[in-house]
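# Analysis of the macromolecular model
If you want the building blocks of each chain, they are given just below.
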Amino acid sequence: MKYVIMFTSTPELDAAVSPEHAEQVYRRVYEWFGAHADQITDSGAELQPVTTATTVTHGGGAPVVTDGPFSEAKEVIGGFSVLDVADLDAAIAIVKTWPMLELPGNSVEIRPMVVDYSHMEQ
Amino acid sequence: MNGKDAAVPDSHDDRAAASDRLLASVLREESARIVAALTGWLGSLDLAEESVAEAIEEAVREWRARGVPPNPGGWLTQAARHNALDRIRREKRYREKLALLSEPETVAPEHRASDPDERLPLLFGCCHPALPPAAQLALTLRAICGLTTAQIARATLTPESTVAQRIVRAKRKIGATGIPLRIPEGAERAERLDIVLAVVSVMYSEAHLVAGGDAAADRDLADDAIWLARVVAHALPREAEAQGLLALLLFHRAREGARAVDGELVLLADQDRTRWDRPLIAEAQYVLERAAMLRRPGRWQLHAAIAACHADAQDGDSTDWLQVLTLYDMLLAYDKSPIVRLNRAVALAEIDGPQIALDEVDALRQFLTGYHLWHAVRARMLRGIGRDDEAMAEDLRALELTANEAERRLLAARVGR
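My aim in this report is to walk through the structure given alongside it, one point at a time. (Residues numbered from 1 in each chain as written. Chains lettered and ligands numbered in written order. Predicted model: local features only at pLDDT ≥ 70, side-chain atom pairs only at ≥ 80, totals over all residues. Heavy atoms only, no water.)

### Overview of the overall build of chain A
- When you go through chain A residue by residue, the secondary structure sums to 3 helices and 6 strands.
- In chain A, the succession of helices and strands from N to C terminus is β-α-α-β-β-β-β-α-β.
- Once the C-alpha set of chain A is aligned to its principal axes, its extents read approximately 50 × 40 × 20 Å.
- For chain A, buried positions account for 30% of its 122 residues.
- As presented, chain A carries roughly 8000 Å² of accessible surface, and 57% of it is formed by carbon and sulfur atoms.
- Of note, chain A has its 6 positive side-chain charges centred 5 Å away from the centre of its 18 negative side-chain charges. (Helix = DSSP H or I, 4+ residues; strand = E, 2+ residues; numbered from the N terminus. Buried < 20%, exposed > 50% of the residue type's maximum accessible area, 1.4 Å probe, protein only. Areas by Shrake-Rupley, 256 points an atom, 1.4 Å probe, with all protein chains shown as cover. Lys, Arg positive; Asp, Glu negative; His and termini not counted. Charge placed at Lys NZ, Arg CZ, Asp CG, Glu CD.)

So, in structure tokens, the structure goes:
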């Protein structure tokens, strides 16, 4: 099954991590992508900081453009990848080893991908 | 399987209740096996479980009126298969499945004691951490124990529509997110088993609430919980914690007869210990000893060991509180929850006095201020150091917070109302 994994963190907590520690974790992030290359069918993307976000929202007449992310939550999405593994337990096992999870405020959301569009065909 | 919870009618006067018990015992033996077999055949837990649940509703209606047929498993399997095929024909989204189905075995295969228990993979799926705890419980009660939605609603004091929705959402999530129906291996095993055991334990404590309350449920969840604890302990004999939970529930069950007298709750210290079920205590002790021989301690075994201390004491005054406190200290290494710390404070009061225990109770205020027993324990500590007025105020607060009628009467008796 294909899963999108979304990496989220909390910017105010990220700021408290020392540059040396951050660099060391980043190195392990690269290793992590290498170690799971067979299951990562799309390495996805790492996003620029949330301060660069622009959101376009449904508006009464026309869509409205605003500064900032879509949600007011403290956690922000920092990137995503696509896993192709047997089941949710296999996805969880890989995600549990995500190096950033040792830093407070980090989480990973796992969502199955829609791959079957046959119900849309008539 | 023939312990105290065996489905033998006690007397003829008790016929209606006995027949509910008989139904419960037959349904819980068959339900999970048929759900597991049908899931394999249909490739969908959602469809399989729904069809079995419908068959169980039919069975409850039929069998209550006409008695249990000679081969209840066969009856249920037939009915569930019929329901499944009916659904497939009705619902467009299932139609393509029909072509893929082969004819299943018409006779359920015989269960041999040496066969791996096919109910366990299903149970681990129902208790997956990706499902919310309330849904884990509801789905386990229906798919594994064979309760109807209405019975779950009554037994857990939850609206029927809420229970139904939890079950539907949980099953859809299992299907849509690829939650496997499998016993986890390796390091995952202990973590996942703990969730299963927690669900069984909640099942038992929910039963306690209902039994203590005035609601007469037609299924005693305590029976289901002990039955399920036995199934898990038997299927995973090398898992010490599974044995530990079974021992714990057996200790609690053994005290049940003294815990509620004429619908009134009796505190542990005041219970008439001659009403404790000695053979059941002996079984609990045996199970706990067997768990200890596996040399893999854990929180359920420690909870059971604490219950064993109480079972060993001739009366409340001869309780070995130092041993109880030591066990609570060990338990904290596995479970630092405020409830465990509150229970430990009761033992602490017996060893170090009520003032020291009160300090510990006060440290838990922010976690337990909405919990009636926190106020009841605090009242006891305050009374121990002569602050009677404050103690009375805490007892009144506990009374306000108690939803359960029998507990309410116990607390009301204490404040003289």
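### Comments concerning helix 18 (residues 372-384) of chain B
All names here are of chain B.
- Helix length check: helix 18 (13 residues) gives 19 Å between terminal C-alpha atoms against 18 Å at 1.5 Å per residue, within 8%.
- Taken together, the buried positions of helix 18 are H372, W374, H375, A376, V377, R378, A379, M381 and L382.
- Check the buried side of helix 18 and you find it contacts helix 15 (338-352), helix 16 (354-363), helix 17 (365-368), helix 19 (388-401) and helix 20 (405-415).
- Two residues or fewer past helix 18, G386 is found with a positive phi of approximately 80 degrees. (Expected span 1.5 Å × (residues − 1). Contact = heavy atoms within 4.5 Å.)

### Here we look at the packing of aromatic side chains
- Following the criterion strictly, the structure yields 6 aromatic pairs over all chains and no others.
- Between W32 of chain A and W98 of chain A the ring centres are 4.9 Å apart and the planes differ by 75 degrees, which places this aromatic pair in the edge-to-face class. With W32 of chain A in helix 2 (residues 19-35) and W98 of chain A in the loop between helix 3 (88-95) and strand 6 (107-112), the pair connects residues that are 66 residues apart, well separated along the chain. Each member of the pair, W32 of chain A as well as W98 of chain A, is classed as buried.
- Both rings, one in F33 of chain A and one in W98 of chain A, keep their centres 6.0 Å apart while their planes meet at 85 degrees; by these two values the pair is edge-to-face. Note that F33 of chain A is positioned in helix 2 and W98 of chain A in the loop between helix 3 and strand 6, a separation of 65 residues in sequence.
- For F33 of chain A, a relative accessible area of 24% corresponds to the partly exposed category.
- Taken together through their ring pairs, the aromatic side chains of F7, W32, F33 and W98 of chain A make up a single cluster.
- One Lys or Arg, R255 of chain B, reaches over the ring of W276 of chain B and ends 5.8 Å from the middle of that ring. (Phe/Tyr/Trp six-rings, centres within 6.5 Å; stacked < 30°, edge-to-face > 60°. Lys NZ or Arg CZ within 6 Å of the ring centre and 35° of its normal.)

### Structural notes on the nonpolar core
All names here are of chain B.
- In terms of nonpolar packing, the biggest core is built from 135 residues, with L228 and V232 touching the most fellow members.
- Contact partners of V232, with chain neighbours within four places excluded, come to L123, L193, V196, L197 and A242.
- Core analysis: the second largest hydrophobic core is formed by 6 residues, A398, L399, A412 and V415 among them. (Core = buried A, V, L, I, M, F, W, Y, C linked by side-chain atoms within 4.5 Å.)

### Regarding the state of the cysteines
All names here are of chain B.
- Under the defined criterion, the tally for this structure stands at 0 disulfides over all chains.
- C126 carries a free sulfur, and the closest cysteine sulfur to it, the one in C127, is 6.3 Å from it.
- The buried category is assigned to C126, whose relative accessible area is 1%. (Disulfide = S-S within 2.5 Å.)

### Some thoughts on the side chain of T177 of chain B
- Counting through the fold element by element, T177 of chain B comes out in helix 8 (residues 160-177).
- Classification of T177 of chain B as buried rests on a relative accessible area of 9%.
- One polar contact links the side chain of T177 of chain B to the main-chain carbonyl oxygen of K173 of chain B, over a distance of 2.6 Å.
- Those residues in contact with T177 of chain B that lie beyond four places of it in its chain are M1, Y3, L88 and P112 of chain A. (Polar contact = N/O pair within 3.5 Å; in protein donor to acceptor, adjacent residues only side chain to side chain.)

### Focus: the sheet that holds strand 6 of chain A
Residue and element names in this part refer to chain A.
- Pairing is antiparallel across the open sheet formed by 4 strands, whose spatial order is 2-5-1-6. Among the strands making up the open sheet, the edge pair consists of strand 2 (40-46) and strand 6. Going across the sheet, the axis of each strand differs from the next one's by a mean of 20 degrees, ignoring polarity.
- With 6 bridges connecting them, strand 1 (residues 2-9) and strand 6 associate as antiparallel partners. The residue of strand 6 that forms the bridge with T8 is S107.
- Strands strand 1, strand 2 and strand 5 (76-84) of the sheet are contacted by helix 2, whose axis makes an angle of about 150 degrees with strand 2.
- Relative to strand 6, helix 3 is tilted by about 160 degrees, and along the sheet it contacts strand 1, strand 5 and strand 6. (Pairing = 2+ DSSP bridges. Axes fitted to C-alpha atoms, helices over the stretch in contact; angles between N-to-C directions.)

### Looking at a nonpolar patch on the surface
- Residues L47, F70, I77 and F80 of chain A make up a contiguous nonpolar surface patch of about 390 Å² in total accessible area.
- The topology assignment puts F70 of chain A in the loop between strand 4 (64-67) and strand 5. (Patch = residues over 30% accessible without salt bridge, like charges linked within 9 Å, V, L, I, M, F, W, Y side chains within 5 Å. Salt bridge = Lys/Arg side-chain N within 4 Å of Asp/Glu carboxyl O.)

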